[in-house]
Amino acid sequence: MDAIVELRGVARRFPGGGGLHPTTLSFKSGATTVLLGPSGCGKSTLLRLVNGLLRPDAGDALVFGTPVREDTAPALRRRMGYVIQDGGLFPHLTGFGNVALLPSWLGWDDARIRERATVLCDLARLPTNLLERYPQSLSGGQRQRVALVRALMTDPALLLLDEPLGALDPMVRAELQRDLREAFAALRKTVLLVTHDLGEASHFADEVVLLREGRVLQHGPLEALEQTPADPFVTRFLSAQKSLWGVGAA
Amino acid sequence: MKRLALTLAFTLTACHAGPVRVGSKNFTEGVLLGEVATQVCGAAGEHVEHRRQLGGTAVLWRALRAGSIDAYAEYTGTITAEIVRGADPADLPALRRALSAQGIAMTAPLGFENTFALGVPEGLAAARGLATITDLRAHPDLTLALSHEFIGRADGWPGLRSAYGLAPRDVRGMDHDLAYRALASGAAHVTDLYSTDAEIASNHLRALRDDRHYFPDYRAVILYRADLAARSPACARALDALAGRIDAPTMIAMNAAVRVSRRTESDVAAEFLSTRLRAGATAAEPSRIARIAARTWEHLAMVLSSLLAAIACAVPLGVFAARRPRVGSLVLGAAGVLQTIPSLALLVLLIPLLGIGVGPAVAALFLYSLLPVVQNTVTGLRGIAPSLRESAEALGLPPRAKLLRVELPLAMPSILAGVRTAAVISVGTATLGALVGAGGYGQPIMTGIRLDSTATILEGAVPAAVLALVTQAVFGWLERRLVPRGLRDG
């Protein structure tokens, strides 16, 4: 079977420096791949090239076998959920308004939307009554759970998460990590998750893509990175992160 | 809303159907003659409207040509000076032919002239037997107190003196009001004036006849559209029948009744109709409440229709401008330039295009409302956090859905603030609509300024201020209704 997400020589440069060097990659379907690396390594850029928020200077990002371009992006995006650090919830809509926005535009009736939202709230461990609140009166963790529900409403096969837990305090973060992993396991979706945190990567990853300065240094299971590093930086990055936390990551 | 739109559409399109419209110039005698013309047409069974104090000759003449009004009072000297240039004001048949070539008919002279004249206290005139300017030659001992303007103009005192061979011993230039006082105290004996000034009556003066016809011929006539004779023969006949019915003393008395005794023009005109023409007068002056209610409706109609049109244009323009920064700066620049045109100038510029009445007023208010609404739409849209913009895009919302469900609601507080600014400015600016005959609160303000009557000014100014406050309050309420709860503070 073709990979759900495939990069063919995709490159993107920014005027101020940074970006992504030409990259060819394919991601394992039905698995969670963590894009890992220090700030500015190009991991978020990679994710945004996948859902077309950024256009590549060269090459093509293919999703479901279709190149992501201006004309194909809107339809493709409905088949990929996207969650960012602060959730990106629309402040003028309640939680329910946020999750119902796309389905109602697509013509779903209210009962179907509510039914789907209830199922997903259950999965995301979000009390459904919280959906009646506006984002400003939800906690950070609750907002991320609403954002996850919103991203999953149309049952996309692909889920893109850009530092989804980055802004949360450690307690909430640990709890949400656990809940998310269970949710991913239950959904069997292809997940691309961006983080700079090795602990988080080890928690979620079936595979890891380690990036540095716009280049992919190594792609494989975390154990492979530890045991057969492709570059001295891989070892340096992993050990620096471990000493930061003072514990083994794997 | 529908009713408003219908009213507006009706007002704009009804220029050639509907009631007969009489216009008047912006001074008391003009308004009085307009009122007389209105009432004689009314008495002839016609449905007539009087568009008061529209402006000067240029405005009235254009409005008449354009069909925005059907008739107004004019002076033969003015016609030859400003309308049919170079013609001889005394040659009425030639004048009539020239006007008729432009589709305009002229009544025979109404009976009085409003030209320069010399005035002498009535008692002195009787004692010395003064009736004409020629009579002054025999009385060089009389002191002349002339206005500076009259002394300075070539066609004023210098020309008059040589035409009549006058050689008074004492001629002084002084302020016009002081001259009247000098005459009253006996310090001076003769002054220059307009021959139908109210002061002639109030100061008990006699206007000496210009027996050598030195001053240009400023006989009052009524100009009306030639097609009026077909549309309303009764009205045209009634106007023609005014010929020779208003002599100078009558006009002076009517002017004085308004300016000195503070009576309304319609009241004075009605009295003239019933006593001089024996015609049924229709001078029922509406009560103050009814007047204010009518003005309020006119004012609101102007403000609301222009505001709605501005919103309908400016929000899409703002959306466009926010997306294309280069086009956007052009759009904002153009709207900004419109804003710098003084309202009076804009109204005058719009008259040739839209005639007079509600049209140019609404158009001007519309143009002034564009900038705040466009500007705030752009500001509101550009102020949306990039993460929210991207979230909407990443969700896979089509552009239309993104705009309607996400971007415009997020920009709503800013857009509403712009609309509120436009509305408050419009409430104030709409008072100038009265200058082009659109009615509204400006009407009593202008009348009050003309008659120097504070009470009349306040009849327009106070409701206008109240309306501005009400507008603020209404928008406060609208903001609570329209701005999503999640975007409100607290």
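Scroll up to find the structure this text is about.
Residues numbered from 1 in each chain as written. Chains lettered and ligands numbered in written order. Predicted model: local features only at pLDDT ≥ 70, side-chain atom pairs only at ≥ 80, totals over all residues. Heavy atoms only, no water.

(A) Region of interest: the overall build of chain A. The secondary structure content of chain A amounts to nine helices and ten strands. Within chain A, the fraction of its 250 residues that count as buried is 52%. A fraction of 67% describes how many contacts in chain A between residues 6 or more apart in sequence connect residues 24 or more apart. On chain A, roughly 10,900 Å² of surface is accessible, and the fraction owed to carbon and sulfur atoms is 50%. (Helix = DSSP H or I, 4+ residues; strand = E, 2+ residues; numbered from the N terminus. Buried < 20%, exposed > 50% of the residue type's maximum accessible area, 1.4 Å probe, protein only. Contact = heavy atoms within 4.5 Å. Areas by Shrake-Rupley, 256 points an atom, 1.4 Å probe, with all protein chains shown as cover.)

(B) Representation of the sheet that holds strand S2 (residues 19-26) of chain A. Residue and element names in this part refer to chain A. One open sheet holds the four strands; their spatial order is S2-S1-S4-S5, and the pairing between them is antiparallel. Edge positions in the open sheet fall to S2 and strand S5 (66-67), since each of these has one partner strand only. Of the pairings in the sheet, the one linking strand S1 (residues 5-13) to strand S4 (residues 58-63) comprises five bridges and is antiparallel in character. If you follow Ala11 over to S4, its bridge partner there is Ala58. Packing of helix H1 (residues 43-50) onto the sheet brings it into contact with S1, S2 and S4, and relative to S1 it is tilted by some 120 degrees. (Pairing = 2+ DSSP bridges. Axes fitted to C-alpha atoms, helices over the stretch in contact; angles between N-to-C directions.)

(C) Quick look at the pairing of strand S2 (residues 48-55) of chain B. Residues and elements named next belong to chain B. Most of S2 sits out of view: seven of its eight residues are buried. Relative to S2, strand S1 (residues 20-25) runs parallel, the two sharing five bridges. Note that in S2 the partner of Lys25 across the bridge is Gly55. Assessed by its sense of winding, the connection that carries the chain from S1 through helix H2 (residues 28-43) to S2 is right-handed. (Right-handed = clockwise from strand over helix to strand, strands pointing away.)

(D) A look at the sheet that holds strand S10 (residues 215-220) of chain A. Residues and elements named next belong to chain A. Here six strands make up an open sheet; going across it, the order is S6-S7-S8-S3-S9-S10 and the pairing mixed. Two strands bound the open sheet, and with one partner strand each, they are strand S6 (80-83) and S10. Going from strand to strand, the sheet's axes swing by 15 degrees on average, the running direction of each strand aside. Two elements, strand S3 (residues 32-36) and strand S8 (residues 190-195), share five bridges in a ladder whose sense is parallel. Bridged to Thr32 within S8 is Val191.

These values are about where atoms sit, not about what they do.
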